[in-house]
Amino acid sequence: WPVTYVNGTTWAASGYELFARHPDWFIYGRDGEITLYDMASRETFHRRHEPGIDPNSYQRIFFQAILNPPLPAVQAYIAPQYLKTAKVMGFRGVRMDVRYLEVHPGEYDFSGREIAPTDAQADAISAKAVANVKRLVHKEVPDFTFGYNYASPDETRLMPLTMQERCRGGGWMLDEVSCT
């Protein structure tokens, strides 16, 4: 069964457009700013079709941000994205990379409230978000499979509940750390 790669952040023009419609769906820093957002690159991107502008002159994605996965609206947005890969493209699963359905201490919602002040709270919230998205997807495609990157003990030691939920139902783990 073929699976597709899914990046766990929203990025580029489509990510910025989603942010413009739903700024309350994203995770913020203590300073109230979206991390990884670059206004100068955004401006270059928007001018990429003007004469004299080299479309390759911006060196990085101008917008990259993390959705706030405990929000039911975010879960209801993510699940159909996965379902489209099955129904439209024929994939039977997703291999998720970067950030996916997890929160950490020091991250804030749109109102400025810390989402999970402790690692244990972040783990419980993240595990629930993973379970909810899997449930929404499995309602329509019961054999859809989920794979996750970043599975080494060092990367996951503070998230045992989330790892248990990721593994539940045949989830699979990848780890890009090479062993020598």
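Before reading further, recall that the structure is shown in the block above.
Everything numeric here is computed off the predicted structure, so don't read it as measured data.

Draft legend 1. Spatial organisation of the overall build of the protein. Each helix and strand counted, the protein has six helices and six strands in total. Counting from the amino terminus, helix and strand elements in the protein follow one another as β-β-α-α-β-α-β-α-β-α-α-β. A total of 180 residues make up the protein; the buried ones form 41% of that total. Intrachain contacts of the protein at a sequence separation of at least 6 include 72% that bridge at least 24 residues. Total accessible area on the protein is roughly 10,000 Å²; 56% of this is exposed by carbon and sulfur atoms.

Draft legend 2. Fine view of the pairing of strand β5 (residues 145-148). Here β5 shows two buried faces, one formed by T145 and G147 and the other by F146 and Y148. Relative to β5, strand β4 (residues 93-97) runs parallel, the two sharing four bridges. Its bridge partner lying in β5, V94 is registered against F146. Pairing between β5 and strand β6 (residues 172-173): two bridges, direction parallel. The residue of β6 that forms the bridge with G147 is W172.

Draft legend 3. Region of interest: the packing of aromatic side chains. For the structure shown, the criterion picks out seven aromatic pairs. Between Y16 and F19, the ring centres sit 6.5 Å apart and the planes meet at 40°, which makes this aromatic pair tilted. Here F19 and Y16 lie together in helix α1 (residues 12-21), a separation of three residues that amounts to about one turn. Each member of the pair, Y16 as well as F19, carries the same accessibility label: buried. Summarising the aromatic geometry, the rings of W25 and Y77 are spaced 5.5 Å apart at their centres and angled 50° between planes, so their arrangement reads as tilted. Taken together, the residues span a long stretch of sequence, with W25 in the loop between α1 and α2 (39-46) and Y77 in helix α3 (residues 72-87) at a distance of 52 residues. Of the residues examined, Y77 reaches a relative accessible area of 27% and is grouped as partly exposed.

Draft legend 4. The packing of helix α4 (residues 119-140) against helix α6 (residues 160-167), seen in detail. For the pair α4 and α6, the least separation of the axes is 7 Å and the interaxial angle reads 15°. Judged by the inter-axis angle, α4 sits roughly parallel to α6. Crossing angle aside, the handedness with which α4 passes α6 is right-handed. Of the residues in α6, those touching α4 at D123, A124, S126, A127, V130, A131 and K134 are P160, L161, T162, E165 and R166. In terms of residue class, the contact of α4 with α6 is built from six nonpolar, two polar and four charged.

Draft legend 5. Quick peek at the pattern of salt bridges. Evaluation of the coordinates by the stated rule reveals seven salt bridges. With a closest N to O distance of 2.6 Å, D143 and R92 form a salt bridge. Linking D143 in the loop between α4 and β5 with R92 in the loop between α3 and β4, this pair joins segments that are 51 residues apart in sequence. E165 is paired through a salt bridge with K134; the nearest N and O atoms lie 3.2 Å apart. Taken together, the residues span a long stretch of sequence, with E165 in helix α6 and K134 in helix α4 at a distance of 31 residues. For the residue pair E165 and K134, the accessibility class agrees, reading buried in each case. Here the residues in one salt-bridge network are K134, E165 and R168, joined through shared partners.

Rules and cut-offs
Residues numbered from 1 in each chain as written. Predicted model: local features only at pLDDT ≥ 70, side-chain atom pairs only at ≥ 80, totals over all residues. Heavy atoms only, no water. Helix = DSSP H or I, 4+ residues; strand = E, 2+ residues; numbered from the N terminus. Buried < 20%, exposed > 50% of the residue type's maximum accessible area, 1.4 Å probe, protein only. Contact = heavy atoms within 4.5 Å. Areas by Shrake-Rupley, 256 points an atom, 1.4 Å probe, with all protein chains shown as cover. Pairing = 2+ DSSP bridges. Phe/Tyr/Trp six-rings, centres within 6.5 Å; stacked < 30°, edge-to-face > 60°. Axes fitted to C-alpha atoms, helices over the stretch in contact; angles between N-to-C directions. Parallel < 35°, antiparallel > 145°, perpendicular 65-115°, else oblique. Left-handed = near helix turned anticlockwise from the far one by under 90°. Nonpolar A, V, L, I, M, F, W, Y, C, P; charged D, E, K, R; others polar. Salt bridge = Lys/Arg side-chain N within 4 Å of Asp/Glu carboxyl O.

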